[in-house]
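Here is how the chains run, residue by residue.
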Amino acid sequence: MKVKRNTLLFLACLVWSAAGFNILRIGLAAYSAYRTVLNYVLSALVFAVFQKFIFGKLVKKHTARMNAYRDERQFFLKFFDRKAFAIMAVMMTGGILLRTSGFAPERFIAVFYTGLGASLLLAGLLFGCNFGKAVFAAAKVQNETENKGE
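Residues numbered from 1 in each chain as written. Predicted model: local features only at pLDDT ≥ 70, side-chain atom pairs only at ≥ 80, totals over all residues. Heavy atoms only, no water.

> How do you make sense of a positive patch on the surface when you look at a structure like this?
Side chains of K2, K4, R73 and K78 sit close together on the surface and give a patch of like positive charge. Counting through the fold element by element, R73 comes out in strand β2 (residues 73-75). Since its relative accessible area comes to 44%, R73 is described here as partly exposed. (Patch = residues over 30% accessible without salt bridge, like charges linked within 9 Å, V, L, I, M, F, W, Y side chains within 5 Å. Areas by Shrake-Rupley, 256 points an atom, 1.4 Å probe, with all protein chains shown as cover. Salt bridge = Lys/Arg side-chain N within 4 Å of Asp/Glu carboxyl O. Lys, Arg positive; Asp, Glu negative; His and termini not counted. Charge placed at Lys NZ, Arg CZ, Asp CG, Glu CD. Helix = DSSP H or I, 4+ residues; strand = E, 2+ residues; numbered from the N terminus. Buried < 20%, exposed > 50% of the residue type's maximum accessible area, 1.4 Å probe, protein only.)

Put into structure tokens, the structure is as follows:
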């Protein structure tokens, strides 16, 4: 199943947004008993660290990789590379084990998952913005090409 190169950005948007929304939902559901200024600051710090050092860079790197593909149509799973699939698998497995084992206290789940989920969700939305930019750029090129032919 091959899709247009720009569609890979849309698929990345869907996957990262869904993961981010789900993790954010878990964090917010646990937050009600832990609403303090310190916890809000800690969640914002988790968000900022993940956005600055991991997901912000990941979005730029993967967008550039997808845009650099020579062929217009690509296998639909190429919105990730192997490393990104491994990171997602490790994060999912670690998160599930952390919650189900009871090893992490509920406060940690609330604070950490809220920051992490918000950062993941933003990464998904940034992929969506990049998809929109790519679609508009392609439409502009198409329009200019058609106007030259007249």
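The rest of the description comes next.
> Even after reading the chapter, I still don't get the packing of helix α3 (residues 82-101) against helix α4 (residues 106-148), so can you show me in this structure?
Angle between the axes and distance between the axes are the two parameters that describe a pair of packed helices. Put simply, α3 and α4 touch, their axes get as near as 12 Å, and they point 160° apart. Between α3 and α4, the angle is such that the two are roughly antiparallel. In the crossing of α3 with α4, the sense of the turn from one axis to the other is left-handed. Each of M91, G95, L98 and R99 in α3 lies in contact with α4, whose residues at this interface are F108, I109, Y113, L116 and L120. (Axes fitted to C-alpha atoms, helices over the stretch in contact; angles between N-to-C directions. Parallel < 35°, antiparallel > 145°, perpendicular 65-115°, else oblique. Left-handed = near helix turned anticlockwise from the far one by under 90°. Contact = heavy atoms within 4.5 Å.)

> What's the story with the state of the cysteines in this structure? I'm lost.
Within this structure, the stated rule accounts for zero disulfides. C13 carries a free sulfur, and the closest cysteine sulfur to it, the one in C129, is 8.2 Å from it. Residue C13 is classed as buried on the basis of its relative accessible area, which comes to 12%. (Disulfide = S-S within 2.5 Å.)

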